Amino acid sequence: MKNTNFDPKFIQKIKTILLEEKQRLEKELSQFAKKNPRNSADFDTNFSDLGDEDEENAKEVASYGDNLALEQSLERSLRDVNDALKRIEDGSYGVCKYCGKAIDPKRLEARPASSACVKCKENLTRR
Ligand SMILES: [Zn+2]
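A quick note: this is a predicted structure, and the numbers were derived from the prediction, not measured.

## A few points about the overall build of the protein
The number of helices and strands found in the protein is 4 helices and 2 strands. Each helix and strand of the protein, placed in order from N terminus to C terminus, yields the pattern α-β-β-α-α-α. Judged by the C-alpha coordinates and their principal axes, the protein covers about 60 × 35 × 25 Å. Every one of the 127 residues in the protein was classed for burial, and the buried ones make up 14%. Across the protein, the fraction of contacts at a sequence separation of at least 24, relative to all contacts at a separation of at least 6, is 51%.

This is how it looks when you write it as structure tokens:
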């Protein structure tokens, strides 16, 4: 489904926001994880080596667990941002993936990575 109803200026603005968001997420991820060289959207959390004492090992495991959870949430956001950029490229941006209708530009401005309209999103979260 192609979408041509959006003002190119609006799309350009969204693209800028998305690219900034992408940079921010990648920077945040690179602080504790390293990029998978084969997949730019995949990061692996570094396992920090604090020492070999039991207490140090426990701390390593705890911080690894925290970072892993953060990594997964950041990665999910990054994937959403990349998907949105892809949709801009192929011209399907701003179309709800569930009902095929145009998403409210106000919603897109607030959450540029959205791929579902408010109604469908509500239906999904209610279930
Ligand atoms: Zn929808």
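## Observations regarding the environment of Lys-34
Structurally, the position occupied by Lys-34 is in strand β1 (residues 33-36). The exposed category is assigned to Lys-34, around which 11 C-beta atoms lie within 10 Å. Residue contacts for Lys-34: discarding those within four places in its chain leaves Phe-43, Asp-44 and Asn-46.

## As for the packing of helix α1 (residues 8-30) against helix α2 (residues 54-90)
A pair of packed helices is characterised by two quantities: the angle between their axes and the separation of those axes. Two elements in contact, α1 and α2, have axes separated by 9 Å at closest approach and are oriented at 155 degrees. By the angle class used here, α1 and α2 are roughly antiparallel. Judged by the sense of rotation from one axis to the other, the crossing of α1 with α2 is left-handed. Note on element contacts: α2 touches α1 through Glu-71, Leu-74, Ser-77, Leu-78, Val-81, Asn-82, Ala-84, Leu-85 and Ile-88, opposite Ile-11, Lys-15, Leu-18, Glu-21, Lys-22, Leu-25, Glu-26, Glu-28 and Leu-29. Here the residues of the contact of α1 with α2 sort into 10 nonpolar, 2 polar and 6 charged.

## Details of the nonpolar core
Ranked by internal contacts, the top residues of the largest apolar core, which has 14 residues, are Leu-18, Leu-25, Val-81, Ala-84, Ile-103 and Ala-113. Contributions of two or more residues to this core are made by α1 and α2. Setting aside its immediate chain neighbours within four residues, Ile-103 contacts Gly-94, Val-95, Cys-96, Leu-108, Ser-114 and Cys-117.

## Re the UniProt feature "domain: Zinc finger DksA/TraR C4-type" (unreviewed entry) in the protein
As recorded in UniProt, the feature "domain: Zinc finger DksA/TraR C4-type" (unreviewed entry) lies at residues 91-122. The span residues 91-122 shows a helical share of 34% and a strand share of 0%, and its end C-alpha atoms are spaced 25 Å apart.

## Thoughts on α2
Between its first and last C-alpha atoms α2 spans 53 Å; for 37 residues at 1.5 Å apiece the expected length is 54 Å, and the two agree. Along α2, the positions that sit buried rather than exposed are Glu-71, Leu-78, Val-81 and Ala-84. One or two steps after α2, the chain reaches Gly-91, where phi turns positive at roughly 80 degrees.

## So, the environment of Ala-102
Examined against the element boundaries, Ala-102 turns out to sit in the loop between α2 and α3 (105-110). Counting along the chain gives 13 residues from Ala-102 to Ser-115, while the straight-line C-alpha distance between them is 10.0 Å.

## So, the UniProt feature "zinc finger region: dksA C4-type" (unreviewed entry) in the protein
The positions UniProt marks with the feature "zinc finger region: dksA C4-type" (unreviewed entry) are residues 96-120. Between the end C-alpha atoms of residues 96-120 there is a gap of 8 Å, over a span that is 36% helix and 0% strand.

## Overview of the confidence of the model for the protein
Of the residues in the protein, 94% reach a pLDDT of 70 or more, and the chain-wide mean stands at 88. Mean pLDDT per element in the protein: strand β2 (residues 39-45) is the minimum at 74, and α1 is the maximum at 95.

Reading guide: rules and limits
- Residues numbered from 1 in each chain as written.
- Predicted model: local features only at pLDDT ≥ 70, side-chain atom pairs only at ≥ 80, totals over all residues.
- Helix = DSSP H or I, 4+ residues; strand = E, 2+ residues; numbered from the N terminus.
- Buried ≥ 20, exposed ≤ 12 C-beta atoms within 10 Å, placed from the backbone.
- Contact = placed C-beta atoms within 7 Å.
- Axes fitted to C-alpha atoms, helices over the stretch in contact; angles between N-to-C directions.
- Parallel < 35°, antiparallel > 145°, perpendicular 65-115°, else oblique.
- Left-handed = near helix turned anticlockwise from the far one by under 90°.
- Nonpolar A, V, L, I, M, F, W, Y, C, P; charged D, E, K, R; others polar.
- Core = buried A, V, L, I, M, F, W, Y, C linked by C-beta atoms within 7 Å.
- UniProt positions renumbered as here; feature names shortened; annotations may be inferred.
- Expected span 1.5 Å × (residues − 1).
- pLDDT = per-residue confidence, 0-100.

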